[in-house]
Amino acid sequence: MQVTIFGAGYVGLVTGTVLADLGHQVTVIEVVAEKIAKIRQGQAPIYEHGLDAMLARVLASGRFHVTDSASAAVQSAEVIFIAVGTPPLPTGEADLSYVRQAALAIGQGLAQNRRQVVVNKATVPIGSANQVEVWIEDGFGARPPVDAYTVASNPEFLREGTAIFDTLYPDRIVLGADEAWALELLKEMYRPIIEQTFEPPLEVPRPEQLQMVPLVQTDRISAEMIKYAANAFLATKISFANEIANICERVGADVVEVAQGIGLDRRIGPRFLNAGAGWGGSCFGKDLSALIFTAEEYGYRPELLHSTVRVNREQRHRMISHLQDALKTIKGRRVAVWGLAFKPGTDDLRDAPALTVIGELLRLGARVHVYDPVAMATLQRDYPDLEVVYADNAVAALRGAEALMVLTEWPEFAQIPLTQIAQGLSRPVLIDGRNLWTPESAKRAGLDYHGVGRS
Ligand SMILES: NC(=O)c1ccc[n+]([C@@H]2O[C@H](COP(=O)([O-])OP(=O)(O)OC[C@H]3O[C@@H](n4cnc5c(N)ncnc54)[C@H](O)[C@@H]3O)[C@@H](O)[C@H]2O)c1
């Protein structure tokens, strides 16, 4: 099928590459010239496992193109995805200006002589499908012919770091459309994924038990709500684990064992129960703010969602409290920070807990040595004035430092022997913001260990 995608970010580029690899003819429209140039050379502007190899393959196949010119790609498409950013405004409301630009361009390029589906894949506030229709009409300059197109909702659930895996083997595909023909077209496009009929790429093999991907067909408003409700639930689950961790610290319980004990209950499940420095990333904070904004717009104050956000904010600051407990004064101390990205497997720093912690350390007068396996370049690029020392490797960051704070659970950190950490630091304080080690093993290595929710 002919597929056009607005936005070559995490969602647009990954979706486009995967759909082209499955045999569709894909054009991605992007407004940033450097991104287009890089992608055309086969270099993904983002770090994602398996993406470079797949991108090289689809470029060579001739089924994947990237351009800044929308009209021909809109006109020839059967399915047009909007996958541009929807960042938060200061009010918490989602900024739809990029969606609007894309919708106007779609209106200008509509084919008219056959049906096209415009799909909101970006996370957009509830009711945005209607809004996008209005902007498409503005771009078209009139009401397009009846049946020329429809707007559907197909929210995206991929996780950065495993974006290709999540696109090929999703837990579910959600399609919200008011027209049966649009649902059929989208099902046809996704058929290889729904039925898992494609040959799995070598770099991202299929999980053994997976046979069919569940499909949720619903109306547009419910599809939009599913996305927000899913992210709000996941963020709440982590904030819940952190709240329990804070109680554990006071009563002498171990939150890792508590999480295991409750997670085995199938009604709860073990995932997203890890206590630590809190959640972050480009989605949870923004989507919670947008859902809270919508709820309040409609006269409802969502107390639980407000608490989810507050607990998370305070949790980041609790990492500094642990450090103060160990070092007392922070001014003039050298502190090593391992992990910048908001989670392992990505170079994305948007709303990363490490940024809050580093900002607070600097404000308190510490010298901060940072190391992250892939996100250092992003920090240098996006925060060029941040006065931190960039270390060449994890162990080098320890040199001269009086404490180590671990803020991202990169697997390679856990491979470094605790004795080496103890020897590398000038004072053996370890703030384990991701509970990578056990208190016993850290203490055996001579470390003054502070985990989250365990002592
Ligand atoms: N990143 C994730 O893990 C994730 C997961 C699920 C859903 N989402 C949602 O998907 C949407 C996109 O997220 P992302 O992380 O891919 O964003 P991103 O910022 O990485 O990418 C968006 C891209 O759109 C481009 N763009 C902006 N205006 C454009 C226009 N008019 N025409 C063409 N391109 C344009 C930008 O230059 C950018 O490259 C957001 O709504 C986000 O909430 C993201």
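The rules behind these values
Residues numbered from 1 in each chain as written. Predicted model: local features only at pLDDT ≥ 70, side-chain atom pairs only at ≥ 80, totals over all residues. Heavy atoms only, no water. Helix = DSSP H or I, 4+ residues; strand = E, 2+ residues; numbered from the N terminus. Rg over C-alpha atoms; globule rule 2.2 N^0.38 Å. Buried < 20%, exposed > 50% of the residue type's maximum accessible area, 1.4 Å probe, protein only. Polar contact = N/O pair within 3.5 Å; in protein donor to acceptor, adjacent residues only side chain to side chain. Contact = heavy atoms within 4.5 Å. Domains from an automatic or database assignment. Buried area = accessible area lost by both parts, 1.4 Å probe. Salt bridge = Lys/Arg side-chain N within 4 Å of Asp/Glu carboxyl O. Nonpolar A, V, L, I, M, F, W, Y, C, P; charged D, E, K, R; others polar. Core = buried A, V, L, I, M, F, W, Y, C linked by side-chain atoms within 4.5 Å. Near = heavy atom within 4 Å. Areas by Shrake-Rupley, 256 points an atom, 1.4 Å probe, with all protein chains shown as cover. Phe/Tyr/Trp six-rings, centres within 6.5 Å; stacked < 30°, edge-to-face > 60°. Lys NZ or Arg CZ within 6 Å of the ring centre and 35° of its normal. Expected span 1.5 Å × (residues − 1). Bend = angle between axes of the 7 residues up to and from the residue. Pairing = 2+ DSSP bridges. Axes fitted to C-alpha atoms, helices over the stretch in contact; angles between N-to-C directions.

**Section: the overall build of the protein**
For step 1, the next point in the chain: Summing up its helical and strand segments, the protein has 18 helices and 14 strands in all.
For step 2, the next point in the chain: Against the globule reference of 23 Å for 455 residues, the protein gives a C-alpha radius of gyration of 24 Å, in line with a compact fold.
For step 3, the next point in the chain: Once the C-alpha set of the protein is aligned to its principal axes, its extents read approximately 75 × 50 × 45 Å.
For step 4, the next point in the chain: Expressed as a percentage of its 455 residues, the buried residues of the protein come to 55%.

**Comments concerning the side chain of Asn 154**
For step 1, the next point in the chain: Relative to the assigned elements, Asn 154 resides in the loop between β6 (149–153) and α7 (163–168).
For step 2, the next point in the chain: For Asn 154, a relative accessible area of 2% corresponds to the buried category.
For step 3, the next point in the chain: Polar side-chain contacts of Asn 154 include one of 2.5 Å to the side chain of Tyr 190.
For step 4, the next point in the chain: When residues no more than four places from it in sequence are discounted, the contact partners of Asn 154 are Phe 81, Val 119, Asn 120, Lys 121, Ile 173, Val 174, Leu 175 and Tyr 190.

**Thoughts on the domain arrangement of the protein**
Interface size is often expressed as the accessible area that is lost when the parts come together.
For step 1, the next point in the chain: Domains assigned within the protein are domain 1 (2–218) and domain 2 (235–450).
For step 2, the next point in the chain: Taken over C-alpha atoms, the centre of domain 1 sits 33 Å from the centre of domain 2.
For step 3, the next point in the chain: Taken together, the 13 residues of domain 1 in the interface contact 17 residues of domain 2.
For step 4, the next point in the chain: Contact between domain 1 and domain 2 buries roughly 1300 Å² in total, counting both sides, with carbon and sulfur atoms accounting for 54%.
For step 5, the next point in the chain: For Glu 160, the salt bridge is made with Arg 350, and the minimal N-O distance between the two is 3.6 Å.
For step 6, the next point in the chain: Taken together, the residues of the side of domain 1 that touches domain 2 break down into 5 nonpolar, 5 polar and 3 charged.

**Overview of the nonpolar core**
Soluble globular proteins tend to bury their nonpolar side chains together.
For step 1, the next point in the chain: One finds Trp 338, Leu 361 and Ile 421 to be the most contacted residues of the largest nonpolar core, which totals 61 residues.
For step 2, the next point in the chain: For Ile 421, the residues in contact, after removing those within four places along its chain, are Trp 338, Leu 398, Leu 404, Ile 416, Trp 437 and Leu 447.
For step 3, the next point in the chain: Membership of the second largest hydrophobic core comes to 47 residues, among which are Ala 20, Ala 44, Val 79 and Ala 83.

**Describing the site of the ligand**
For step 1, the next point in the chain: Near the ligand, the surroundings consist of 28 residues, among which Glu 30, Lys 35, Thr 86, Glu 160 and Lys 286 are the closest.
For step 2, the next point in the chain: Backbone polar atom of Ile 29 to a nitrogen atom of the ligand: 3.4 Å apart, as the coordinates give it.
For step 3, the next point in the chain: Between the ligand and Arg 350 there is a distance of 3.4 Å, counted from an oxygen atom to a side-chain nitrogen or oxygen.
For step 4, the next point in the chain: For the ligand, the accessible surface in isolation is 830 Å², of which the surrounding protein chains cover 90%.
For step 5, the next point in the chain: For the shell around the ligand, the secondary-structure elements that each account for two or more residues are α1 (10–21) and α5 (97–109).

**Re the packing of aromatic side chains**
For step 1, the next point in the chain: Applying the stated rule across the entire model yields 6 aromatic pairs.
For step 2, the next point in the chain: Taken together, a centroid distance of 6.0 Å and an interplanar angle of 70° make the contact between Trp 279 and Phe 284 edge-to-face. Like Phe 284, Trp 279 is buried.
For step 3, the next point in the chain: Among the aromatic side chains, those forming a connected cluster through ring pairs are Phe 165, Tyr 169 and Phe 198.
For step 4, the next point in the chain: Sitting above the plane of the Phe 157 ring, Arg 172 keeps its charged end 3.6 Å from the centroid.
For step 5, the next point in the chain: Against the face of Phe 198 rests Arg 206, its NZ or CZ located 4.8 Å from the ring centre.

**Section: the pattern of salt bridges**
For step 1, the next point in the chain: In this structure the tally under the stated criterion is 24 salt bridges.
For step 2, the next point in the chain: For the salt bridge of Lys 286 with Asp 287, the shortest nitrogen-to-oxygen distance reads 2.9 Å. Exposure class is identical for Lys 286 and Asp 287. Each is buried.
For step 3, the next point in the chain: Three or more residues joined by partner-sharing salt bridges are found here, namely Asp 21, Arg 57 and Glu 203.

**What to know about the environment of Asp 348**
For step 1, the next point in the chain: Along the polypeptide, Asp 348 turns up in the loop between β9 (334–338) and α13 (353–363).
For step 2, the next point in the chain: Given a relative accessible area of 4%, Asp 348 falls into the buried group.
For step 3, the next point in the chain: Sequence separation of Asp 348 and Glu 243 is 105 residues, and the distance between their C-alpha atoms is 26 Å.
For step 4, the next point in the chain: When neighbours within four sequence positions are excluded, Asp 348 is seen to be in contact with Tyr 10, Glu 160, Ser 282, Ala 341 and Phe 342.

**As for helix α12 (residues 303–327)**
For step 1, the next point in the chain: For α12, built from 25 residues, the straight-helix expectation of 36 Å at 1.5 Å per residue is met to within 8% by its first-to-last C-alpha distance of 36 Å.
For step 2, the next point in the chain: Remark: the principal bend of α12, roughly 25°, maps to Arg 316.
For step 3, the next point in the chain: With its phi angle positive at about 60°, Lys 328 sits one or two positions after the end of α12.

**With respect to unusual backbone geometry**
Leaving glycine out, the prevailing phi sign among residues is negative, and the prevailing peptide bond configuration is trans.
For step 1, the next point in the chain: Notably, Gln 196 is not glycine yet its phi reads approximately 55°, a positive angle.
For step 2, the next point in the chain: Summarising the element assignment, Gln 196 is placed in the loop between α8 (180–195) and β8 (215–218).
For step 3, the next point in the chain: Gln 196 sits in the buried class, given a relative accessible area of 8%.
For step 4, the next point in the chain: The phi torsion at Phe 272 lies on the positive side, around 60°, for a residue other than glycine.
For step 5, the next point in the chain: Among the structural elements, Phe 272 can be located in the loop between α10 (255–263) and α11 (284–297).

**Here we look at α13**
For step 1, the next point in the chain: Taken together, the buried positions of α13 are Pro 353, Ala 354, Leu 355, Val 357, Ile 358, Glu 360 and Leu 361.
For step 2, the next point in the chain: Those residues of α13 that are buried lie in contact with α12, β9, β10 (367–371), α14 (376–382) and β12 (403–406).
For step 3, the next point in the chain: Note on α13: the residue one or two positions beyond its end, Gly 365, has a positive phi of about 95°.

**Focus: the sheet that holds strand β13 (residues 429–432)**
For step 1, the next point in the chain: The sheet built from 6 strands is open, its strands ordered β11-β10-β9-β12-β13-β14 with parallel pairing. This sheet does not close on itself; its edge strands, each paired only once, are β11 (389–390) and β14 (448–450).
For step 2, the next point in the chain: On top of the sheet, α13 reaches β9, β10 and β12; it is set at about 155° to β10, its chief contact.

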